[in-house]
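Chain residues, written in single-letter form:
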Amino acid sequence: MAAAAASPARELTQNPLQKTWEPYDNGLPAGHSAQRGVCMTNCPTLIVMVGLPARGKTYISKKLTRYLNWIGVPTKEFNVGQYRRDLVKKYKSFEFFLPDNEEGLKIRKQCALAALNDVRQYLSEENGHVAVFDATNTTRERRETIYKFGEENGYKTFFVESVCVDPEVIAANIVQVKLGSPDYVDCSNDEATEDFMKRIECYKNSYETLDETLDKDLSYIKIMDVGRSYLVNRVMDHIQSRIVYYLMNIHVTPRSIYLCRHGESELNLKGRIGGDPGLSVRGKEFAKSLAQFINEQNIKDLKVWTSQMKRTIQTAEALGVPYEQWKVLNEIDAGVCEEMTYEEIQENYPLEFALRDQDKYRYRYPKGESYEDLVQRLEPVIMELERQENVLVICHQAVMRCLLAYFLDKPAEQLPYLKCPLHTVLKLTPVAYECRCGSVKRRSFEDST
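All values derive from a computational prediction rather than experimental measurement.

J.: Even after reading the chapter, I still don't get the overall build of the chain, so can you show me in this structure?
T.: Scanning the chain from N- to C-terminus turns up 15 helices and 15 strands. With the C-alpha coordinates aligned to their principal axes, the bounding extent of the chain is approximately 85 × 75 × 40 Å. Per-residue burial over the chain gives 50% buried out of 449 residues. In the chain, the 59 positive side-chain charges and the 64 negative ones have mean positions that sit 1 Å from each other.

Given below as structure tokens:
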């Protein structure tokens, strides 16, 4: 029996932008399995939220969507409540959600189907990797329908249930989020609270929580009282594992995160990038001003983090408080371009200079890193920032841009252009569905620049 003819070997060509090797057929890029980016799954993932109203489902959905997009996994949230608001322009009262309100049931089902159709389009036609289906999904029948929808379309389905019995947490969620909802724009706080509590009651009788026995074949995480405890079942792949890890690290305790760059360095003065220089005279003055500012804020249990580079450590030393060094907070590695000016890079590496302008986020310095690499490197920092309360991070421009993009939900294309000037402190305060950002550039900082 004759042996099958071997297929011709494909040539490997290095992508000049990202410095990765890619197979080519007849001079053209060949299709290969890595085209879906960093999402290490064989098929798209459908995340299904579960829980009564005011249990933090939308909070979790938005945070999870922001995190997955930041690490490079294309993700989109589909909030069924918003579909309902788009369809029914004027909300009247909780009676819309009564289980015997046939018109309400019909509209809610219509909205859920419309959202699922959009999920299908996003995952099957628009190359999305993860869709977050944000609704109550409180009955086993509804969850079975969604699970079958996922099976029919080739999606892996992962349920995220938020269970909360702490009345203080529920009340806080209603005050922080629901009272500002478009549903209650013409109501007083008391009227809105009363109506919303009645809306919750509409779901309670039919609510079927995820059960260790009845739902043993489903993949899910069950979060009790905003992280007091967890139940995790049948995690099936890498992306589900990352989702679980992330959800087990977030919390809702009020806190602030302060970001700033090191003081001006000797290489900053010369317009040179990278390296490991010490602070200039003005940089040392900034460090003193930063110490005064932090002292005046009287921040409870403040933790201070730096990179392992001299200029951030010198800045932290002036604070006179304990600090922790993180190697992963080191500045982006410019490879062969370290300690060069941009004029020298343009003169010595004109192609590299042009490629960097073409796609600053994905461009990788020869023997160095890209912003895309830096985001992956910084993921442990984000996880720990989510676990902590008040933290001051003294870092570098590229690092600060990556951290800022996560908290402000900025896309990859904008990340390398976020403004992070020297001698300026950014204060980030997570609230409800977003993160407020304030810039502190006091006169004492300005005097040192």
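J.: Please explain unusual backbone geometry as it appears in this structure.
T.: What you tend to see is this: most non-glycine residues have negative phi, and most peptide bonds are trans. Not every positive phi belongs to a glycine, and Asn137 is a case in point at roughly 45 degrees. Tracing the sequence through the fold places Asn137 in the loop between β6 (130–134) and α4 (140–153). Residue Asn137 is classed as buried on the basis of its relative accessible area, which comes to 1%. Even without being glycine, Asp225 reaches a positive phi, approximately 45 degrees. The class of Asp225 is buried, set by a relative accessible area of 16%.

J.: Any chance you could explain the sheet that holds strand β4 (residues 45–50) here in plain terms?
T.: Pairing between sheet strands relies on hydrogen bonds along the backbone, with the strands arranged either parallel or antiparallel. Strand order in the open sheet formed by six strands is β5-β6-β4-β7-β8-β9, and the pairing between neighbours is mixed. Strands with a single pairing partner mark the edges of an open sheet, and in this sheet they are β5 (75–79) and β9 (229–233). Neighbour-to-neighbour, the strand axes of this sheet turn through a mean angle of 15 degrees, independent of strand direction. Examined bridge by bridge, β4 and strand β7 (residues 156–163) share six bridges and lie parallel to one another. Across the sheet, residue Val48 finds its bridge partner in β7, namely Phe159. The sheet strands contacting helix α2 (residues 80–87) are β5 and β6, and the helix crosses β5 at an angle near 55 degrees. The strands touched by helix α3 (residues 102–124) are β4, β5 and β6; relative to β6, the strand with the most contacts, the crossing angle is about 170 degrees.

J.: Help me out: how do you make sense of the packing of aromatic side chains in this one?
T.: Tallied over the full model, the rule gives twelve aromatic pairs. Plain terms: the ring middles of Trp70 and Tyr406 are 5.5 Å apart, the flat faces sit at 70 degrees to each other, and that makes the pair edge-to-face. Residue Trp70 is found in helix α1 (residues 57–70), and its partner Tyr406 is found in helix α14 (residues 397–408); the two are separated by 336 residues along the sequence. Neither residue differs from the other here; Trp70 and Tyr406 are each classed as buried. On the basis of an interplanar angle of 75 degrees and a centroid distance of 6.4 Å, the ring pair of Tyr184 and Phe196 is categorised as edge-to-face. Highlighted residues: Tyr184 in the loop between α5 (167–176) and α6 (189–204) and Phe196 in helix α6, separated in sequence by twelve residues. On the accessibility criterion, Tyr184 (4% relative accessible area) is buried. The ring of Tyr406 has Arg66 sitting right over it, with the charged end atom 4.6 Å from the ring centre.

J.: Looking at this structure, I do not really get the side chain of Ser265. What am I missing?
T.: Assignment of secondary structure puts Ser265 in the loop between β10 (257–261) and α8 (266–270). Once residues within four sequence positions are removed from consideration, Ser265 is found in contact with Pro277, Gly278, Leu279, Ser280 and Arg311.

J.: Honestly, the nonpolar core in this entry has me stumped. Any pointers?
T.: Note on soluble globular proteins: their nonpolar side chains tend to be buried together. With 55 residues, the main nonpolar core has Leu68 and Leu247 as its most contacted residues. Here this core gets nine residues from one element, more than from any other, and that element is α14. Leu116, Ile174, Tyr184 and Cys202 belong to the second-largest nonpolar core, a separate cluster that totals 40 residues.

J.: How should the side chain of Glu22 be read in this particular structure?
T.: Tracing the chain through its elements places Glu22 in strand β2 (residues 21–25). Engagement of the side chain of Glu22 in a polar contact is seen with the side chain of Asn15, the distance being 3.4 Å. Beyond its immediate chain neighbours, meaning those up to four positions away, Glu22 contacts Glu11, Leu12, Thr13 and Asn15.

What counts, and at which threshold
Residues numbered from 1 in each chain as written. Predicted model: local features only at pLDDT ≥ 70, side-chain atom pairs only at ≥ 80, totals over all residues. Heavy atoms only, no water. Helix = DSSP H or I, 4+ residues; strand = E, 2+ residues; numbered from the N terminus. Buried < 20%, exposed > 50% of the residue type's maximum accessible area, 1.4 Å probe, protein only. Lys, Arg positive; Asp, Glu negative; His and termini not counted. Charge placed at Lys NZ, Arg CZ, Asp CG, Glu CD. Pairing = 2+ DSSP bridges. Axes fitted to C-alpha atoms, helices over the stretch in contact; angles between N-to-C directions. Contact = heavy atoms within 4.5 Å. Phe/Tyr/Trp six-rings, centres within 6.5 Å; stacked < 30°, edge-to-face > 60°. Lys NZ or Arg CZ within 6 Å of the ring centre and 35° of its normal. Core = buried A, V, L, I, M, F, W, Y, C linked by side-chain atoms within 4.5 Å. Polar contact = N/O pair within 3.5 Å; in protein donor to acceptor, adjacent residues only side chain to side chain.

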